[in-house]
Amino acid sequence: QVHLVESGGALVQVGGSLRLSCAASGRTISISRVAWFRQAPGKEREFVAGTRWSATGTYYADSKRARFTISTDVAQNSIYLEINNLQPEDTGVYFCAADPRYAGTWHSTHEYQYWGQGTQVTASS
């Protein structure tokens, strides 16, 4: 129905910046909400940021608001996550997610129907 492919993950020096991209394909017209999550090995998947497909109504985890920015480009079927001032604790696999439902709990992994395979982000000194 909807396919998501992340890219842009890399090994980045602490303090650097990184832009992750998520390419959406398939029936993208059905997308209502999109989000970024991240997950370290052995840990729960953690919500980072979410927004409407139209890029209105952005929502960030409180601990992420200062350094993370989510945006969309509907014409390009893309979702982006800008990470600034990368810290070691930012290391993990970053996933984009999408859901056709307008209403939902932004931070819940159970309320997104479509997921990408993830892209690895590593912050190192």
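Note that the coordinates shown come from a computational prediction; the quantities given were computed from them, not determined experimentally. (Residues numbered from 1 in each chain as written. Predicted model: local features only at pLDDT ≥ 70, side-chain atom pairs only at ≥ 80, totals over all residues. Heavy atoms only, no water.)

## With respect to the state of the cysteines
(1) Moving on: Across all of its chains, the model carries one disulfide by this definition.
(2) Moving on: Shown here is the disulfide that connects Cys 22 with Cys 96, its sulfur atoms set 2.0 Å apart. Disulfide Cys 22-Cys 96: torsion about the S-S bond near 55°, hence right-handed. In this pair, Cys 22 is assigned in strand 3 (residues 18-26) and Cys 96 in strand 9 (residues 92-99), connecting sequence segments 74 residues apart.
(3) Moving on: Of the residues examined, Cys 22 reaches a relative accessible area of 0% and is grouped as buried.
(4) Moving on: According to the relative accessible area criterion, Cys 96 is buried, its value standing at 0%. (Disulfide = S-S within 2.5 Å. Helix = DSSP H or I, 4+ residues; strand = E, 2+ residues; numbered from the N terminus. Buried < 20%, exposed > 50% of the residue type's maximum accessible area, 1.4 Å probe, protein only.)

## Examining the sheet that holds strand 8 (residues 78-83)
(1) Moving on: With antiparallel pairing, four strands are arranged side by side in an open sheet as 1-3-8-7. Edge positions in the open sheet fall to strand 1 (2-7) and strand 7 (68-73), since each of these has one partner strand only. When the angles between neighbouring strand axes are averaged without regard to direction, this sheet yields 20°.
(2) Moving on: Pairing of strand 1 with strand 3 involves six bridges; the strand directions are antiparallel. (Pairing = 2+ DSSP bridges. Axes fitted to C-alpha atoms, helices over the stretch in contact; angles between N-to-C directions.)

## Structural notes on the pairing of strand 11 (residues 119-124)
(1) Moving on: The two faces of strand 11 differ: Thr 119, Val 121 and Ala 123 on one face are buried, but Gln 120, Thr 122 and Ser 124 on the other face are not.
(2) Moving on: As paired elements, strand 2 (residues 11-13) and strand 11 share three bridges and run parallel to each other. Note that in strand 11 the partner of Leu 11 across the bridge is Thr 122.
(3) Moving on: Taken together, the three bridges between strand 9 and strand 11 define a ladder with antiparallel strand orientation. Across the sheet, the residue bridging to Val 93 is Gln 120, located in strand 11.

On their own, these measurements won't tell you what the molecule is for.
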